Structure formats: C-alpha cells, structure tokens
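Residue-level structure breakdown
Each chain, written out:
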Amino acid sequence: QPLPALGRFDALQTQAMRLYRSDVTRSADTAESLLKRLGVVDPQAAAFLRADTVVQQTLMGRAGRNITVEASEGNTLLKLSARWSPEDDGMFKRLTVEKTASGFQSRLETLPMTASSRLASGSIQTSLFAATDDARIPDAVAIQLAEIFSGDIDFHRALRKGDRFVVTYETLEGDGEPLRAGRVLSAEFVNAGKSFQAMWFQEPVANGTAAASTASHTLSKGGYYTLAGESLRRAFLASPMEFSRITSGFKMRFHPILQTWRAHLGVDYAAPTGTAVRSVGDGVVEFAGTQNGFGNVVMVKHRNNNVTVYAHLSRIGVRTGQSISQGQHVGAVGQTGWATGPHLHFEFRVNGAHKDPLTIAKQSDSVPVAASARSAFNQAAAQVRIQLAAAANMQPGSAQ
C-alpha cells in the first residue's frame, strides 16, 4: 500500500529554508555592500553592523577575512561568521554576529588552528609566481621557496624555462576552513638541470621526541637542511632583494648609459623605486652616503675582506659604522647617480676583485645537523626522500 503523502507534504511546507553563502571581505566594504554581496537584504542587520564596536574594530575596512552568512528564505540575516589569523601564533579569531530573541549580538573568540599538509608541483614557463598560481599554491609558499633556496639559486636572474619544483607545505585551518599557509615542510627545486632539496627539521626537544617534517604547527626553533644534513642558511644570500611578485619578472639589464653588459663588475636588478634592499650577509657598514655615479650607496664590509655594494638607492637606512645582520634592510631601490631608470646596482668584492654573488653564496659556509640529532634527522630525511620521489611522478597541481 502506498504511504499517505499529504501529511508529510504539509510537514515539509512548515520547514524553514536556510541559505548559506561565503565570501572574502574587502577594504572598501560597508555594512550594506558586504551584506548585499552575500545576498542578504536586512536593514536591521546592517544597522547593527554599523553600530557594533566589535564589528567595526575587527571586520569593517579589513580585507581578506573569510566570511560566511546564514540567511532565511527571505534573505534576512540569521548568523554571520568571520575568521582570520592576525598573527603567526597558531591561533585564529572568530567573530560571530547572531540574531537572538532580543536582537543581534556579537562575540569575538580566539581559538587554535589545525594544520594539514599539502603536496604540490609545478613547472616554470614564464615565472615562479605564474607556475605557483597554476598549481594553486599561495604566494607565501612561493616566497618561502625562494628564501629556502636563496643560497643556491638567484630567483631574480637564474630561473630557466622548464625548471620544476615539488613542495609539501602546511595549510592552517580554522573551523575546517583554510585561513593561511604555514611553513614549507619539504621541497625540491630543479634549476638548469640541477636538483636542490630541502626539509624543515627541529632538533629533539627535552623529552627526547623529535619534531621534524610533520604537519604540526609549532613555534619551536628549527631550520632548513639538505637531505644530507647540511644547513641551508649560508653566510651570504645570492640576492640583495627579497623575492616577490614586484621583483619576480625583472631580469639583468643592459646598462643604458655605458651600453655594455655589466655582469663582470656587478649585477643590475631592475625594480620599482622603494623596493627594499637587504644586506646579503652579516657585517659593518663601511660607507653610507653619496658617491659619484653610484648616487646614494651603501658599502658593507664582511669577514675575510669581503665587501658588498648597494648603489643608486632612493634612500639609505643605515649609517657608517653600524653593525648589521643578514637580511637587514640597508635602503630602497632608486635611480640616483648615473641611472636612467630605477634599479639596484649590486657588487660583491673579494679583496677588491669583483665576484659573482651567486658563486660566493654557494661557496659560503654551511652548518651540519648536530651529532646528537643525526639519528632523528636521518629518519625524517628518509621519509622526505620517499615523498619527493613519489611527487616527482605527479602532474603539476596540488593534493592533500
């Protein structure tokens, strides 16, 4: 016998439909424009968002925050949730605006993120960022890749079409939603046919357990090593400019005044005025000021009679005699002195003779894993080798 359907149909008619929509906040959002983009038409909700102090301080005018709304079938607001991670401390913020019997209420909570690992690969056709975009890899991971291998590869001028990479990295989540990229756990980069491998490793902690390449977010100190156990932190960086979307498309330039290639005396990096310039190694500022064709220039003296030169700066951020550390900003790109366009002229001098910065970076000192941690490192490195070997056969893209 067929079951009676009329009563069930009536019951379904009484069920309220709830609609869910998600988006990302924009800096120009107002309460009305944000709700409209999320399909919500609710003057009372908009008025609450405008008046609530917590909402104004944490949501309005802040770009890039994941936001979800729950709306009625009439498109009025029932609940709004926003999530973001303001600090690299393993925590995230959750703002909730909810409709209650007495009106709308807001609350702000701080909660721990969870971490999962993702494996991705790509091939260079035009630039690193184009390749990572195709593989849906976050910019933060692309920049980490460039920093990890910065002692071996100058990402501003040494990338070649056909170079390829594999990377395993953390994705940090709040309430199951990806909020930010974590650290790179392991990577391989093949540049001009030569393979470079790296893994994140932390030496065993006090209780004897090893924290190595696992998808767990922690603030304990660690570093990147080759799979043979040599630290990838070198005495000198290959490039005086941090790698970013702004600088990634520039190549070594033809000198516009002297009309000669200047590679034998240094390297010219074209970049927009104001791009930060960093010291490639620890040292003491030997000169900071104006000097003939160099314009605004900083010269840093390092150990073993090594000197680096940063010329044509728009501004100088250090003073003569100041001790500086590797990666510290010394100024910004400009076009002072003999320069027709904004760029950085960089030189590496050894006993007064000009040398290729990339060659010097590759030859600089590397510190191995401590003997006490070697066993734990070898176990972790064996796992990374298996991961990278498996990843070498995958198509460009990403997977969890």
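Since this is a predicted model, take the numbers as computed values, not measurements.

1. Some words on the overall build of the protein
The helix and strand inventory of the protein stands at eight helices and 20 strands. Taken over 400 residues, the protein has a buried fraction of 45%. For the protein, the computed accessible surface area is about 19,700 Å², with 52% contributed by carbon and sulfur atoms.

2. Focus: helix α6 (residues 139-148)
Buried residues of α6: Val141, Ala142, Gln144, Leu145, Ala146 and Ile148, and no others. Where α6 is buried, its residues touch α5 (128-134), β7 (164-174), β8 (177-191), β9 (194-201) and β10 (223-225).

3. A word on the sheet that holds strand β4 (residues 91-100)
Pairing is antiparallel across the open sheet formed by five strands, whose spatial order is β1-β2-β3-β4-β5. Each edge of the open sheet carries a strand with a single partner, namely β1 (18-24) and β5 (103-112). Mean inter-strand twist for the sheet, computed between neighbouring axes without regard to direction, equals 15 degrees. Relative to β4, strand β3 (residues 77-84) runs antiparallel, the two sharing six bridges. Each bridged residue has a counterpart across the sheet, and for Lys79 the counterpart in β4 is Glu98. In this fold helix α3 (residues 43-51) packs onto β3, β4 and β5, with an angle of close to 55 degrees to the strand it touches most, β5.

4. Quick look at α3
Within α3, the full set of buried residues consists of Ala45, Ala46, Phe48 and Leu49. Projection of α3 onto a plane perpendicular to its axis shows the buried side chains occupying an angular sector of 160 degrees, all on one side. Across from the buried face of α3, at angles greater than 90 degrees, the exposed residues are Pro43, Gln44 and Ala51. The secondary structure elements touched by the buried residues of α3 are α2 (31-37), α4 (53-58), β3, β4 and β5. The opening residue of α3, the one whose side-chain oxygen lies 3.2 Å from the backbone nitrogen of Gln44, is Asp42.

5. What about the packing of aromatic side chains?
All chains considered together, the criterion is met by 12 aromatic pairs. Ring plane angle 65 degrees and centroid distance 5.1 Å describe the contact between Trp200 and Tyr224, whose orientation is recorded as edge-to-face. Placement of Trp200 in strand β9 and of Tyr224 in strand β10 is noted, with a sequence separation of 24 residues between them. Joined through ring pairs, the aromatic side chains of Phe129, Phe149, Phe155, Phe165, Phe189 and Phe243 make up one cluster.

6. Points about unusual backbone geometry
The backbone phi angle of Asp175 is positive, close to 55 degrees, even though this residue is not glycine. Its place among the elements puts Asp175 in the loop between β7 and β8. In this structure Asp175 comes out as partly exposed when scored by relative accessible area, which is 39%. In this model, His312 sits at a positive phi of 70 degrees, which is unusual for a non-glycine residue. Tracing the backbone shows His312 in strand β15 (residues 306-316).

7. Details of the pattern of salt bridges
Per the stated rule, a full pass over the model turns up 13 salt bridges. The salt bridge partner of Asp29 is Arg37, with a shortest N-O separation of 2.8 Å. Its salt-bridge partner being Arg349, residue Glu347 comes within 2.9 Å of it at the nearest N-O pair. Salt bridges sharing partners connect three or more residues here, namely Arg83, Arg94, Glu98, Arg107, Glu109, Asp175 and Glu177.

8. Observations regarding the pairing of strand β2 (residues 66-72)
Within β2, seven of the seven residues are buried, leaving the element largely enclosed by the surrounding structure. The side-chain alternation of β2 yields two buried faces, one formed by Asn66, Thr68, Glu70 and Ser72 and the other by Ile67, Val69 and Ala71. Here β1 runs beside β2; their pairing, made up of seven bridges, is antiparallel. Among the inter-strand pairings, Tyr20 is bridged to a residue of β2, identified as Glu70. In terms of strand pairing, β2 meets β3 through six bridges, oriented antiparallel. For Glu70, the partnering residue across the bridge sits in β3 and is Lys79.

Definitions and limits used
- Residue numbers here run from 1 along each chain, matching the order of that chain's written sequence.
- Given that the model is predicted, a residue must reach a pLDDT of at least 70 before its local features are reported, and side-chain atom pairs must reach 80 or more before they are shown or counted; all residues, however, enter totals for whole chains, interfaces and linings.
- With hydrogens and water set aside, each side-chain value is computed from the structure's full complement of heavy atoms.
- Only DSSP runs of H or I covering at least 4 residues are called helices, and only runs of E covering at least 2 are called strands; the numbering of each starts at the N terminus.
- The cut-offs for exposure are 20% and 50% of the maximum accessible area for each residue type, with area from a 1.4 Å probe on protein chains only; residues under the lower value are buried, those over the upper are exposed, and the others partly exposed.
- Computed with a 1.4 Å probe, the accessible areas rest on the Shrake-Rupley method; for each residue, only the protein chains presented here act as cover.
- When checking whether two residues touch, look at their non-hydrogen atoms; a contact exists if any pair is within 4.5 Å.
- A pair of strands is treated as paired once DSSP finds two or more bridges between them.
- Convention adopted: a line fitted to C-alpha atoms gives each axis, helices being fitted over their contacting stretch, and angles between N-to-C directions are expressed from 0 to 180 degrees.
- Our arc is simply the arc of the directions from the helix axis toward the C-beta atoms.
- We call two N or O atoms a polar contact when they sit within 3.5 Å, provided that within protein one can donate a hydrogen and the other can accept it, with sequence-adjacent residues counted only if both atoms are side-chain atoms.
- Between 30 and 60 degrees the pair is tilted, below 30 it is stacked and above 60 it is edge-to-face, where a pair is any two Phe, Tyr or Trp rings, Trp via its six-membered ring, whose centres lie within 6.5 Å.
- Any carboxyl oxygen of Asp or Glu within 4 Å of a side-chain nitrogen of Lys or Arg constitutes a salt bridge here.

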